[in-house]
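A look at the structure
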Amino acid sequence: MKSMQLTGLRRMELFDVPRPDIREDTDVVIRMQAVGVCGSDVHYYATGKIGSQVVQYPFPVGHEGAGYVANVGAGVHSLRVGDRVAIEPAMPCGACDQCLAGRPHTCRRLRFLGCPGQAGGCLSEYIVMPQGSCIPIPEAMSFEQAAISEPLAIGLYAAQLAGAMQDKHVAILGSGPIGLSVLAAARLAGAATVHVTDRIDERLAIARHSGATATYNVAREDAVAGIAAAEPLLLDLVFECCGRQEALDQAIRLLKPGGTLLIIGIPEFSRFSFPVDDLRRKEICIRNVRRQNGCDREAVRVIAGGAVPVDHWITHRFKLPDTQKAFDLVAGYRDGVMKAMIDFS
């Protein structure tokens, strides 16, 4: 089969590799049909690492995917060959203290698609996943929509961690796919206002189309001043979705006393800093959001039911041999890219 793999910084190569086979009774072989390019994939492409997770070349990345069931192990009873599935990229052990406490996303022995040292990614024609990571999708749902259910699940989980959002005043700093996912979740949860920032006009246009109350291009306007003018009491919640220090500084200024900052963005640097005086006097709560926890099937449901339209998130499409062009596009934030999708059909 064909497998697109990282071979160095900003280098990829299409390999011929053996097709993976079933090893465990609960394994499912998936013939890939669509893979979304995620910002974390691009971190590995551009820098070779995320924190302590360092790529050993060659290595296939990719974790937002969907496809057909091509084969199943003897212990798989919920899926059949030919079924259409979205992929939950996390493969928890199910037995450690974190899994038993209802936190499989921080499993002590977690394996995650496209994560160095854990599992190769899904930029290959076939992959093998445990049946628990395969979510059936309806016939009317496209494989591209199914792939987008993975980042949408992160937004749904972030909104869940934020608590009751009904009538809350919110900002989302960074309007990439994760920012859009949080926007969708905030709207579903009944937020009163949702202000969105970014540096790319095309992304802000998609955010407005997706229900943002107001948008701000931070490359040429003072978003803090604009939001504060619209929200004199400031905000209940700010979601940082771009991994930038300046966004965290803006978040602290935007939050009202007792407000909550939720950090989702993955930075390329190793330490954040905060203005202690504002943080302390406002009694700001800071919460990290680690991927998603139990929101994957809900993400599939709301997309399939039409509650969250996502087709307009996909701005660029590429075939597997052109994957490096997709990664270069996303890494350079070029051509108004929101979500680049790799098409295997």
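The rules we used
Residues numbered from 1 in each chain as written. Predicted model: local features only at pLDDT ≥ 70, side-chain atom pairs only at ≥ 80, totals over all residues. Heavy atoms only, no water. Helix = DSSP H or I, 4+ residues; strand = E, 2+ residues; numbered from the N terminus. Buried < 20%, exposed > 50% of the residue type's maximum accessible area, 1.4 Å probe, protein only. Arc of directions from axis to C-beta. Pairing = 2+ DSSP bridges. Core = buried A, V, L, I, M, F, W, Y, C linked by side-chain atoms within 4.5 Å. Contact = heavy atoms within 4.5 Å. Phe/Tyr/Trp six-rings, centres within 6.5 Å; stacked < 30°, edge-to-face > 60°.

Turning our eyes to something else, we now look at unusual backbone geometry. Peptide bonds are, in most cases, trans, and in most cases residues other than glycine have a negative phi. Backbone torsion omega between Tyr57 and Pro58 reads -5 degrees, so that peptide bond is classified as cis. Position of Pro58 among the secondary structure elements: in the loop between β5 (53–54) and β6 (64–72). Phi is positive for Arg10, close to 55 degrees, though the residue is something other than glycine. With respect to the element layout, Arg10 can be found in the loop between β1 (2–8) and β2 (11–16). In this structure, Tyr333 takes a positive phi of about 50 degrees despite not being glycine. Looking at the secondary structure, you find Tyr333 in the loop between α10 (323–331) and β19 (339–343). Tyr333 sits in the partly exposed class, given a relative accessible area of 47%.

Here the focus is helix α5 (residues 201–209). Among the residues of α5, those classed as buried are Arg203, Leu204, Ile206 and Ala207. Viewed end-on, α5 has its buried residues packed into an arc of 155 degrees, placing them on one side of the element. Looking one or two residues beyond α5, the residue adopting positive phi is Gly211, at roughly 110 degrees.

Within β1, five of the seven residues are buried, leaving the element largely enclosed by the surrounding structure. Summarising the sheet, β1 and β2 pair through six bridges and their orientation is antiparallel. Paired with Leu6 across the two strands is Met12, which belongs to β2. The hairpin formed by β1 and β2 contains two residues between the paired strands, and Arg10 there has a positive phi angle of roughly 55 degrees.

Of all hydrophobic cores here, the largest spans 53 residues; its most connected members are Leu152, Ile172, Phe239, Ile264 and Trp313. Secondary-structure elements contributing two or more residues to this core are α3 (143–162), β12 (169–173), α4 (177–188), β13 (193–198), α5, β15 (235–240) and α9 (296–304). At 13 residues, the largest contribution of residues to this core is made by α3. If near-sequence neighbours (up to four positions away) are discounted, Phe239 is found in contact with Ala158, Ala159, Ala162, Met165, Val170, Ala171, Ile172, Leu173, Val182, Leu262 and Ile264. Within the second largest apolar cluster, 46 residues are counted, among which are Phe59, Cys107, Phe318 and Val330.

This next bit is on the packing of aromatic side chains. For the structure on display, the rule yields three aromatic pairs. Summarising the aromatic geometry, the rings of Tyr68 and Phe143 are spaced 4.9 Å apart at their centres and angled 70 degrees between planes, so their arrangement reads as edge-to-face. Of the two residues, Tyr68 is situated in strand β6 and Phe143 in helix α3; the sequence distance between them amounts to 75 residues. Here Tyr68 falls in the partly exposed class, since its relative accessible area comes to 26%. Judged by centre distance (5.4 Å) and plane angle (80 degrees), the ring pair of Phe269 and Phe272 falls under edge-to-face. Judged by its relative accessible area of 36%, Phe269 is partly exposed.

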